[in-house]
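In case you want the letters, here they are:
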Protein chains: 2
Amino acid sequence: MSTSPTRALDHPEREEIRLEAVLHALSDPMRLQVVRFLAELGEGEGAACSAIELAISKSTTTHHFRVLREAGVISQVYQGTAKMNALRRGDLDALFPGLLESVLSADAAQRQRA
Amino acid sequence: MSTSPTRALDHPEREEIRLEAVLHALSDPMRLQVVRFLAELGEGEGAACSAIELAISKSTTTHHFRVLREAGVISQVYQGTAKMNALRRGDLDALFPGLLESVLSADAAQRQRA
DNA sequence: GTCCTAATACGATAAACATCGTAGTACGGC
DNA sequence: GCCGTACTACGATGTTTATCGTATTAGGAC
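Remember, predicted model here, so these are calculated numbers, not experimental data.

## Section: helix 2 (residues 29-39) of chain B
Next up, step 1: The set of residues buried in helix 2 of chain B consists of B:Arg31, B:Leu32, B:Val34, B:Val35, B:Arg36, B:Leu38 and B:Ala39.
Next up, step 2: Backbone nitrogen of B:Met30 and a side-chain oxygen of the N-cap are separated by 2.8 Å at the start of helix 2 of chain B; the cap is B:Asp28.

Below is the structure:
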């Protein structure tokens, strides 16, 4: 019984992305770490979930990736057994110009102070 | 028994303000509404809690104001029976340049689309 | 002093969240 | 077909959150 040919994941459309959800998604240290990691990749590039070392269990990691995806912060597509993740920079910048950048640089600033 | 002469409220010092806490504080629609309201006042100006019409009970309002204060987003000082609230623009801008502005304009943009 | 207004504190409750471990599915290689 | 890797789904648990109503405190006006 095939559940789906190339299993599709639900992403909010650009217009459906809510600022509150994005801010909430970014307000967790683990998720912020994921976003920082993805932001350091080239434009449009992605990384598998397993490429990021988080100090939490596998299932919790899955949970955080889902929160990010459902908030519209990242996109996820299956590629074989891996799931590639990428920042939805274009959509976020179009909806909320400068927001992602200032969160990332705020994070960098805070991180540097510590 | 006086609890305090001019009751003082606990605010985080500038250096103690955490990005995650700020983002979390801003990720609630009610609190975002408060911040938007305060942002529309002049620099350094404040407003009493009661000056803002929220569709929630008094005690819940108190709760949200406290979350904002403890995150370092607003300052609160007693002034007679009222409690004056003001955005901590200076501190936020110093720590996270551009963050508050982009959140506010993201909120304005989203609000305009609706 | 009494009274009114502004805001809080105190429970209480129901929902959401972060976390985990285990069991399971999907894909690719052999 | 079998096996390993990558990720998920499920169920559980403890914590935090948003919400409320009621009782209370603090200050100002009288």
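## Quick look at the protein's contact with DNA strand D
Next up, step 1: Close contacts around DNA strand D come from 24 residues, with A:Thr81, A:Lys83, B:Ser57, B:Thr60 and B:His64 the closest.
Next up, step 2: The sugar-phosphate share of atoms of DNA strand D within 4 Å of the protein amounts to 74%.
Next up, step 3: With respect to DNA strand D, the side chain of A:Thr81 contributes an N or O atom lying 2.6 Å from a sugar or linking oxygen.
Next up, step 4: Within the contact set of DNA strand D, a base oxygen lies 3.0 Å away from a side-chain nitrogen or oxygen of B:Ser59.
Next up, step 5: Among the elements of the structure, helix 3 (58-71) and strand 3 (82-87) of chain A together with helix 3 (58-71) of chain B are those that each provide at least two residues to the surface near DNA strand D.
Next up, step 6: Ranked by the residues each element gives to the surface near DNA strand D, the list is headed by helix 3 of chain B, at four residues.

## Some points on the pattern of salt bridges
All names here are of chain A.
Next up, step 1: Taken as a whole and judged by the stated rule, the model has twelve salt bridges over all chains.
Next up, step 2: In this structure, aspartate 107 engages arginine 36 in a salt bridge whose closest nitrogen and oxygen atoms are separated by 2.8 Å. One end of the pair, aspartate 107, is in helix 5 (residues 99-113); the other, arginine 36, is in helix 2 (residues 29-39), and 71 residues separate them in sequence.
Next up, step 3: Taken together, the shared-partner salt bridges in this structure form one network comprising Arg14, Arg88 and Asp91.

## Describing the packing of helix 1 (residues 19-26) of chain A against helix 5 (residues 99-113) of chain B
Next up, step 1: Close contact between helix 1 of chain A and helix 5 of chain B brings their axes to 10 Å; oriented N to C, the two are set at 145°. Here A:Leu19, A:Glu20 and A:Leu23 of helix 1 of chain A come into contact with helix 5 of chain B, specifically with B:Val103, B:Ala106, B:Asp107 and B:Gln110.
Next up, step 2: Here the residues of the contact of helix 1 of chain A with helix 5 of chain B are counted per class, giving four nonpolar, one polar and two charged.

## A word on the sheet that holds strand 3 of chain A
Residues and elements named next belong to chain A.
Next up, step 1: Sheet architecture is open: three strands sit in the order 1-3-2, paired in antiparallel fashion. Bordering the open sheet on either side are strand 1 (47-48) and strand 2 (74-79), each of which pairs with just one other strand.
Next up, step 2: By the bridge criterion, two bridges tie strand 1 to strand 3 in an arrangement that is antiparallel. If you follow alanine 48 over to strand 3, its bridge partner there is methionine 84.
Next up, step 3: Against the sheet, helix 2 contacts strand 1, strand 2 and strand 3, and its axis sits at roughly 85° relative to strand 3.

## Section: the sheet that holds strand 1 (residues 47-48) of chain B
All names here are of chain B.
Next up, step 1: Ordered by their spatial adjacency, three strands build an open sheet running 1-3-2, and the pairing between neighbours is antiparallel. Only two strands of the sheet have a single neighbouring strand rather than two, namely strand 1 and strand 2 (74-79).
Next up, step 2: Here six bridges tie strand 2 to strand 3 (residues 82-87), and the two strands are oriented antiparallel to one another. Counted as the bridge partner of valine 77 is methionine 84 from strand 3.
Next up, step 3: The sheet contacts of helix 2 involve strand 1, strand 2 and strand 3, and relative to strand 3 the element is tilted by about 85°.

## Some points on the interface of chain A and chain B
Next up, step 1: Taken together, the contacts link 22 residues of chain A with 22 residues of chain B.
Next up, step 2: In this assembly, chain A packs against chain B so that about 1800 Å² is buried in total across both faces, 63% of it on carbon and sulfur atoms.
Next up, step 3: Contact with chain B buries surface across chain A, with A:Glu20, A:Leu23 and A:Gln110 losing the most and accounting together for 29% of the total.
Next up, step 4: Inspection of the region where chain A meets chain B yields zero salt bridges.

## Observations regarding the nonpolar core
Next up, step 1: If you look at the biggest cluster of nonpolar residues, it comprises 58 residues, and the most contacted ones within it are A:Val73, A:Phe96 and B:Val73.
Next up, step 2: Beyond its immediate chain neighbours, meaning those up to four positions away, A:Val73 contacts A:Val22, A:Ala25, A:Leu26, A:Val35, A:Leu68, A:Ala86, A:Leu87, A:Arg88 and A:Leu92.

Thresholds, definitions, all that
- Residues numbered from 1 in each chain as written.
- Chains lettered and ligands numbered in written order.
- Predicted model: local features only at pLDDT ≥ 70, side-chain atom pairs only at ≥ 80, totals over all residues.
- Heavy atoms only, no water.
- Buried < 20%, exposed > 50% of the residue type's maximum accessible area, 1.4 Å probe, protein only.
- Helix = DSSP H or I, 4+ residues; strand = E, 2+ residues; numbered from the N terminus.
- Polar contact = N/O pair within 3.5 Å; in protein donor to acceptor, adjacent residues only side chain to side chain.
- Near = heavy atom within 4 Å.
- Salt bridge = Lys/Arg side-chain N within 4 Å of Asp/Glu carboxyl O.
- Axes fitted to C-alpha atoms, helices over the stretch in contact; angles between N-to-C directions.
- Contact = heavy atoms within 4.5 Å.
- Nonpolar A, V, L, I, M, F, W, Y, C, P; charged D, E, K, R; others polar.
- Pairing = 2+ DSSP bridges.
- Buried area = accessible area lost by both parts, 1.4 Å probe.
- Core = buried A, V, L, I, M, F, W, Y, C linked by side-chain atoms within 4.5 Å.

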